Amino acid sequence: MDLAPVLSGFAVVFEPQNLLYCLIGVTLGMLVGVLPGLGPAATIAILLPITYGIEPAAAVILLAGIFYGAQYGGTITSVLLRLPGEASSVVTAIDGYQMARQGKAGSALGIAAIGSFIGGTASIILLTLVAPFVANFALEFGPAEYSVLALIGIFLVATLGNGTLIKSVAAGGVGLILATVGLDPIVGTARFTFGSDQLADGIDFVIVAMGLFGVGEILYNLEHRLRPQPAVLSFGRAIPTRLEWLRSRLAILRGSVVGFVLGVLPGGGATMSSLVAYAVEKRSAKDPSRFGKGAIEGVAGPESANNAAATSSFIPLLTLGIPANATMAVLFGALLLQGIPPGPQLIVDHPDVFWGVVNSMYVGNILLLLLSIPLIGVFVRLLRVRAAILAPLTVLITMIGVYSIRNNVFDMFLVVALGLVGYGMKKLGFEPGPFVLAFVLGELLESSFRRSMRLFGGDLTGFVERPVSAVLVAVFVLTVVIVPVLRAVRGRQAARAEREVVGV
Amino acid sequence: MTAEESATPGERAVVDGTPPVTELPEGEIPSGGPGHAVLAGVVPVLLGLVTMWLARDLGLGTLTDPGPGLWPMIVAVLVLLTGVGILLRARQARDTEAFTRGAVVVVIAAASLALYAFLFELVGFEIPTVLLLVLWLKFFGNESWRTTAVVSVVATAAAYALFITALGVPLPHLIAI
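Nothing here was measured: the structure is a model prediction, and the numbers come from that model.

A. Structural view of the overall build of chain A. Within chain A one finds 22 helices and two strands. The C-alpha atoms of chain A give a radius of gyration of 22 Å, which matches the 23 Å a tight globule of 504 residues would have. In terms of its C-alpha atoms, chain A occupies a principal-axis envelope of roughly 65 × 50 × 45 Å. Per-residue burial over chain A gives 62% buried out of 504 residues. Put simply, of all contacts in chain A between residues at least 6 apart along the chain, 81% involve residues at least 24 apart.

Here it is as structure tokens:
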């Protein structure tokens with residue numbers, strides 16, 4: 001393996017401004033992880049217009065930091081409030097909150113931070129080794145392969161998300177329809193523009209992401225803003241004892257591996273991996289009855305896993321150009337905005353961006369470890385910030401940000417309309433994630449499908465006659481069979497986890 | 001609702017010292033009835049039908065030479081089918097949420113954002129921004145008048161500094177610096 005580009009990636013990271021963006025990114029990530037209401041996908045979407053003017057590597061370093069930083073932050077509310085900030089921290093709440101009740105919140109938070117650091121770092125090392133091979137392999141892909149790959153991506157995200165399968169597919173379908181608004185990519189006919197010039201260029205991805213994730217979430221939270229929150233449990237310093245460290249060592253190791261492997265799979269990798277890691281710990285423990293009563297392995301395993309998964313979910317995006325989850329879909333959009341199409345050619349054409357971003361995660365994880373152990377009290381104090389003040393400020397940044405994309409008021413109306421769509425979807429049980437992801441991949445899917453059809457002379461069997469695309473078709477068929485099984489398993493575990501979280 | 005009821009963790013929760021008090025979030029969101037479940041199926045069915053109708057006019061072409069309408073048609077059929085599937089399972093569905101009285105706030109909030117966009121170009125961004133923040137802070141958030149005044153004025157000034165001065169976005173504005 002050629003090490004030169006990897007090393008020159010470190011040169012990119014250590015440019016002072018990139019270090020600064022990395023710090024801003026992970027700090028913001030911790031913040032949104034701690035603060036209820038706004039997830040990492042929404043935060044990244046809202047900040048997209050602001051990153052327009054920044055250099056590509058710096059912009060992606062910043063946005064990626066928000067994503068993995070949020071994994072650290074989500075733990076804090078899980079342990080102290082039994083309110084998981086992110087879906088991937090749900091299982092941490094089981095034993096983490098019990099530890100907090102026993103006055104060991106500091107140990108729980110400390111071991112979570114250390115586990116996250118080890119899981120994240122191990123995952124970056126594996127990513128560094130694996131990604132170039134995947135990208136190299138994917139360079140051979142033609143339109144047929146890309147059609148099938150995009151289909152797999154959308155299907156997996158739709159099915160591994162949190163909503164019911166059929167509703168997620170419906171949401172994805174509507175996203176694909178919305179993606180066709182504007183000029184036809186091949187012959188240039190105006191489609192679904194209703195005679196409006198404003199829609200002729202299609203709908204900007206940023207507006208869709210900001211509308212569905214940003215405005216949609218804010219509106220949704222407005223309806224139920226009055227829920228009182230539980231009190232924050234007190235804790236001392238976020239440092240585990242020696243005995244606790246010895247107990248959780250292997251849990252961290254196992255969690256990291258589980259996280260890395262499941263994180264590569266598109267769709268909810270982080271959530272899924274934390275559930276699996278918890279199950280693994282409970283099964284391998286000598287005394288499983290300790291779980292649910294404050295077992296430190298029940299914090300260490302899942303927290304290492306969700307961070308490892310968050311990192312490895314970058315692999316499909318950076319090597320294949322297929323986002324593995326909703327946040328990756330927004331990052332996909334961010335790269336496109338910078339004029340860098342994510343895909344197998346990224347590592348060759350823009351090694352500075354690729355290795356800069358990957359290596360920045362080492363620095364980001366160190367920064368997060370530093371932020372979470374000594375400075376954790378500062379973030380806990382942020383739980384005091386009132387949603388009533390935060391929501392109007394967020395909505396203001398969103399509205400002005402949308403305007404700044406094209407200096408166009410029409411886009412502001414569009415983002416409000418999409419916000420209402422996002423709100424309605426959540427109320428009726430549709431996930432916005434598959435919608436946004438399908439919207440991102442829509443054009444790729446349509447144009448590669450149409451090119452393949454021309455190539456194959458209208459014969460659909462062409463997809464199985466090319467060897468690589470045939471393998472991918474097989475993978476697709478296999479996932480269609482396997483995923484419902486995985487869902488059933490996960491559903492059972494999630495239900496059990498929820499029962500344990502609720503019924504103390 | 002009074003200010004005391006809307007107290008946030010900051011006011012009651014104590015980071016260090018005081019004995020921990022546990023409370024579960026009250027007021028679980030009521031789930032939607034059969035009407036909501038049916039609505040969740042009707043929307044995709046209608047969207048599918050409308051798209052199919054529009055796509056047909058665009059020209060389907062053939063599989064060998066797909067026209068602009070072919071792809072939207074394929075997706076529209078898929079959406080239509082999922083809608084039918086959702087309708088068939090509507091009886092068992094438990095995944096919708098009822099629209100509570102709070103939904104009125106959501107509609108007003110969305111309308112205020114649309115009005116904001118409308119006024120934005122007419123009178124510059126400063127006055128609509130202050131008004132929007134006052135509405136959200138005072139009437140949606142039940143903040144005190146003092147907090148409302150301070151936050152809305154400071155945030156407007158900060159938005160000016162960030163977007164106009166620092167990022168150079170040509171926002172329509174009254175005050176020139």
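B. Representation of the overall build of chain B. Within chain B, the regular secondary structure consists of six helices and zero strands. Ordered by position in the sequence, the α and β elements of chain B form the string α-α-α-α-α-α. Buried residues in chain B amount to 28% of all 177 residues. Residue pairs at least 24 apart in sequence account for 59% of intrachain contacts in chain B once pairs closer than 6 positions are excluded.

C. Seen up close, unusual backbone geometry. The backbone phi angle of N407 of chain A is positive, close to 50°, even though this residue is not glycine. Position of N407 of chain A relative to the elements: it lies in the loop between α18 (387–406) and α19 (409–427). Residue class for N407 of chain A comes out exposed when judged on the 12 C-beta atoms lying within 10 Å of it. The phi angle at N142 of chain B is positive, at roughly 55°, despite the residue not being glycine.

D. Structural detail: the UniProt feature "transmembrane region" (unreviewed entry) in chain B. Residues and elements named next belong to chain B. Those residues carrying the UniProt feature "transmembrane region" (unreviewed entry) are residues 37–55, 70–90, 102–119, 125–141 and 148–171 in this numbering. The distance separating the terminal C-alpha atoms of residues 37–55 is 28 Å; by composition the span is 100% helix and 0% strand. Each end of residues 125–141 is marked by a C-alpha atom, and these two atoms are 22 Å apart; helix forms 88% of the span and strand 0%.

E. Quick peek at the packing of helix α9 (residues 205–223) of chain A against α19 of chain A. All names here are of chain A. For the pair α9 and α19, interaxial distance at closest approach is 7 Å and the crossing angle is 55°. Here α9 is positioned oblique relative to α19, judged by the angle of their axes. Crossing geometry of α9 relative to α19 is assigned as right-handed. Here α9 contributes I207, V208, M210, G211, L212, V215, G216, L219 and Y220 to the contact with α19, which in turn contributes D411, L414, V415, V416, L418, G419, L420, V421, G422, Y423 and K426. In terms of residue class, the contact of α9 with α19 is built from 14 nonpolar, four polar and two charged.

F. Representation of the packing of helix α14 (residues 326–337) of chain A against helix α20 (residues 432–455) of chain A within the structure. Residue and element names in this part refer to chain A. Direction vectors running N to C along α14 and α20 enclose 30°, while the axes themselves pass 9 Å from each other. Here α20 runs roughly parallel to α14, going by the angle between their axes. Relative to α20, α14 is oriented so that their crossing is left-handed. Residues A326, A329, F332 and G333 of α14 form the contact with α20, whose own contacting residues are G433, V436, L437 and V440. Class assignment for the residues of the contact of α14 with α20 results in six nonpolar, two polar and no charged.

G. The nonpolar core, seen in detail. One finds V60, A209, L331 and V436 of chain A to be the most contacted residues of the largest nonpolar core, which totals 207 residues. Sorting elements by how many residues they give to this core places helix α4 (residues 56–81) of chain A first, with 17 residues.

H. Quick peek at the domain arrangement of chain B. Parsing chain B into structural domains produces domain 1 (34–88) and domain 2 (102–166). Here domain 1 of chain B and domain 2 of chain B have C-alpha centroids that lie 39 Å from each other.

I. Summary view of the environment of R290 of chain A. Residue and element names in this part refer to chain A. Structurally, R290 can be placed in the loop between α11 (269–284) and α12 (297–312). Residues R290 and I239 lie 51 residues apart in sequence; the distance between their C-alpha atoms is 21 Å. Other than its neighbours up to four places away in sequence, R290 contacts A285 and A295.

J. Structural context of the environment of Y220 of chain A. Looking at the element boundaries, Y220 of chain A is found in helix α9. The sequence separation of Y220 of chain A and K426 of chain A amounts to 206 residues, and the corresponding C-alpha distance is 7.7 Å.

K. Inspection of the environment of V42 of chain B at higher detail. Residue and element names in this part refer to chain B. Looking at the element boundaries, V42 is found in helix α2 (residues 34–58). Since 14 C-beta atoms lie within 10 Å of it, V42 is described here as partly exposed. Sequence separation of V42 and W71 is 29 residues, and the distance between their C-alpha atoms is 22 Å.

What counts, and at which threshold
Residues numbered from 1 in each chain as written. Chains lettered and ligands numbered in written order. Predicted model: local features only at pLDDT ≥ 70, side-chain atom pairs only at ≥ 80, totals over all residues. Helix = DSSP H or I, 4+ residues; strand = E, 2+ residues; numbered from the N terminus. Rg over C-alpha atoms; globule rule 2.2 N^0.38 Å. Buried ≥ 20, exposed ≤ 12 C-beta atoms within 10 Å, placed from the backbone. Contact = placed C-beta atoms within 7 Å. UniProt positions renumbered as here; feature names shortened; annotations may be inferred. Axes fitted to C-alpha atoms, helices over the stretch in contact; angles between N-to-C directions. Parallel < 35°, antiparallel > 145°, perpendicular 65-115°, else oblique. Left-handed = near helix turned anticlockwise from the far one by under 90°. Nonpolar A, V, L, I, M, F, W, Y, C, P; charged D, E, K, R; others polar. Core = buried A, V, L, I, M, F, W, Y, C linked by C-beta atoms within 7 Å. Domains from an automatic or database assignment.

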